[in-house]
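Chains, contacts and geometry: an overview
What follows is each chain in one-letter form.
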Amino acid sequence: NNNNSNNKNSTNKELIELHKQSQSAKLDKTRYFDVQSHTSATVASEKLIRLRPVNNSIIQYPSKSFCSANFSTQNRNNRNVKRREKQTKITIFGKPIIEIVEFEKSYAPVPKIVEGCIRYIRAHAIHTQGIFRESGDRLEIEYLRKCIDSGDQEMYNILFGKSNMSSKIFCSHSVASLLKLYFRTLPQPLFTLELATDFLEIQGFQFDQESCVNRLKCLIEKLPWPNSIILNFLISFLGLISNWQTINK
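Here is a short report on the structure shown in this document. Just so it is clear, the structure is predicted and the values come from calculations on it, not from any experiment.

**Points about the overall build of the chain**
Within the chain, the regular secondary structure consists of 13 helices and two strands. For the chain, the proportion of its 249 residues judged to be buried stands at 34%. A separation of at least 24 residues holds for 66% of the contacts in the chain among residues at least 6 apart in sequence. Counting only carbon and sulfur atoms, one obtains 52% of the accessible surface of the chain, whose full area is about 16300 Å².

Next up, the structure:
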């Protein structure tokens with residue numbers, strides 16, 4: 001009996017000491033709340049968790065302030081996770097160019113949807129008749145759009161030719177229509193609302209070629225820097241398409 005009593009006292013002293021350690025500032029950062037047993041402990045104090053009694057004669061219920069602070073921290077962490085998820089995903093269609101460029105942070109200020117579609121057409125449809133004249137399948141275009149807006153990386157891999165899937169799995173006209181759809185849904189046109197009229201005036205008036213080119217250069221220089229680079233990228237691509245006009249018509 002004396003041995004049992006001594007062992008019990010020794011265990012109680014050990015538990016009390018461990019409990020004091022669990023309340024210390026050093027371990028307080030790793031505290032958690034065990035909802036099932038309604039006891040507080042520390043992740044670092046494995047022995048305390050292992051010897052924790054069923055009743056709460058030694059380890060008391062956590063205080064209300066501890067519970068509220070703990071769950072408040074958990075809610076704050078959940079909000080931070082949701083905020084990070086929101087920051088890692090953004091709809092592409094219907095957003096300003098500068099917003100997409102800043103989000104993607106690519107080496108060149110050309111949205112991935114633009115570069116991806118152009119790469120796909122160059123690889124699979126440079127000789128396709130009516131590549132921009134004929135429309136693609138409506139359902140396929142909508143599917144492509146939803147994949148891009150949901151941040152589907154595999155879709156970008158397919159467009160960029162980096163996927164393990166078949167190199168050509170989408171109708172080329174659908175990809176071309178997707179590219180046109182992107183520019184149509186921009187909140188502000190590529191030439192911007194402020195300069196759109198000036199660009200149209202060049203088309204309507206008779207200029208000699210040199211004056212026309214100089215005028216265009218001046219207007220392009222006034223465009224926001226992403227717009228001017230995208231325009232340059234797009235014109236180079238369309239120039240390539242026009243080189244095969246006898247075939248792709």
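What follows continues from the structure just given.
**Description of the nonpolar core**
Ile92, Ile113, Tyr182 and Phe183 are the most contacted members of the largest nonpolar core, which has 45 residues in total. Only helix 5 (97-104), helix 6 (112-124), helix 7 (138-149), helix 8 (153-159), helix 9 (172-184), helix 10 (193-204) and helix 12 (225-243) provide two or more residues apiece to this core. With seven residues, helix 9 is the largest single contributor of residues to this core. Apart from the residues within four sequence positions on either side, Tyr182 is in contact with Ile92, Phe93, Ile97, Pro111, Ile113 and Val114.

**Observations regarding the side chain of Glu140**
By the element assignment, Glu140 lies in helix 7. On the basis of relative accessible area, Glu140 is assigned to the buried category, the value being 18%. Excluding anything up to four places from it in sequence, Glu140 contacts Ile169, Phe170, Cys171 and Ser174.

**Considering helix 9**
Taking 1.5 Å of rise per residue, the 13 residues of helix 9 would be expected to cover 18 Å, and the 18 Å separating its terminal C-alpha atoms lies within 8% of that figure. For helix 9, the buried fraction is high: 11 of the 13 residues fall into the buried class. Ser172, His173, Ser174, Val175, Ala176, Ser177, Leu178, Leu179, Leu181, Tyr182 and Phe183 are the residues of helix 9 that are buried. Looking at the buried positions of helix 9, the neighbouring elements they touch are helix 5, helix 6, helix 7, helix 8 and helix 12.

**Examining a nonpolar patch on the surface**
A surface patch of nonpolar side chains, about 280 Å² in accessible area, is lined by Ile98, Trp225 and Ile229. Mapped onto the secondary structure, Trp225 falls in helix 12.

**Observations regarding helix 5**
All buried positions along helix 5 are accounted for by Ile97, Ile100, Val101 and Glu104. Around the axis of helix 5, the buried residues are gathered within 100° of arc, so they sit on the same side. Lys105 lies just past helix 5 and shows a positive phi near 50°.

**Some words on the packing of aromatic side chains**
Across all of its chains, the model carries five aromatic pairs by this definition. Ring geometry for Tyr182 versus Phe183: centroids 5.4 Å apart, planes at 70°, classification edge-to-face. For the ring pair Phe191 and Phe199, a centre distance of 4.5 Å and an interplane angle of 50° mean the geometry is tilted. Cluster of aromatic residues (ring-pair linked, three or more members): Phe93, Tyr182 and Phe183. If you follow Lys112 out to its NZ or CZ, it ends over the ring of Tyr156, 4.3 Å from the centre.

**Regarding the environment of Ile247**
Take Ile247: it is sitting in helix 13 (residues 245-248). By relative accessible area, which is 36% here, Ile247 ends up partly exposed. For the pair formed by Ile247 and Ile126, sequence separation is 121 residues and the distance between their alpha carbons is 9.1 Å. If near-sequence neighbours (up to four positions away) are discounted, Ile247 is found in contact with His127 and Gln129.

**As for the pattern of salt bridges**
If you walk through the whole model with that rule in mind, you get four salt bridges. A salt bridge links Glu99 to Lys95; the nearest nitrogen and oxygen atoms lie 3.9 Å apart. Residue Lys95 is classed as partly exposed on the basis of its relative accessible area, which comes to 23%. Across the salt bridge formed by Arg119 and Glu115, the nearest N and O atoms sit 3.0 Å from each other. Remark: Glu115 and Arg119 occur in helix 6; sequence separation between them is four residues, near one turn of the helix. What makes Glu115 buried here is its relative accessible area of 12%.

**Quick look at unusual backbone geometry**
As a rule of thumb, non-glycine residues mostly have phi less than zero, and peptide bonds are mostly trans rather than cis. Within the chain, Thr192 stands out as a residue other than glycine whose phi angle is a positive 65°. Among the structural elements, Thr192 can be located in the loop between helix 9 and helix 10. With relative accessibility at 7%, the residue Thr192 sits in the buried group. For Lys249, which is not a glycine, the phi torsion comes out positive at approximately 45°.

What counts, and where the lines are drawn
Residues numbered from 1 in each chain as written. Predicted model: local features only at pLDDT ≥ 70, side-chain atom pairs only at ≥ 80, totals over all residues. Heavy atoms only, no water. Helix = DSSP H or I, 4+ residues; strand = E, 2+ residues; numbered from the N terminus. Buried < 20%, exposed > 50% of the residue type's maximum accessible area, 1.4 Å probe, protein only. Contact = heavy atoms within 4.5 Å. Areas by Shrake-Rupley, 256 points an atom, 1.4 Å probe, with all protein chains shown as cover. Core = buried A, V, L, I, M, F, W, Y, C linked by side-chain atoms within 4.5 Å. Expected span 1.5 Å × (residues − 1). Patch = residues over 30% accessible without salt bridge, like charges linked within 9 Å, V, L, I, M, F, W, Y side chains within 5 Å. Salt bridge = Lys/Arg side-chain N within 4 Å of Asp/Glu carboxyl O. Arc of directions from axis to C-beta. Phe/Tyr/Trp six-rings, centres within 6.5 Å; stacked < 30°, edge-to-face > 60°. Lys NZ or Arg CZ within 6 Å of the ring centre and 35° of its normal.

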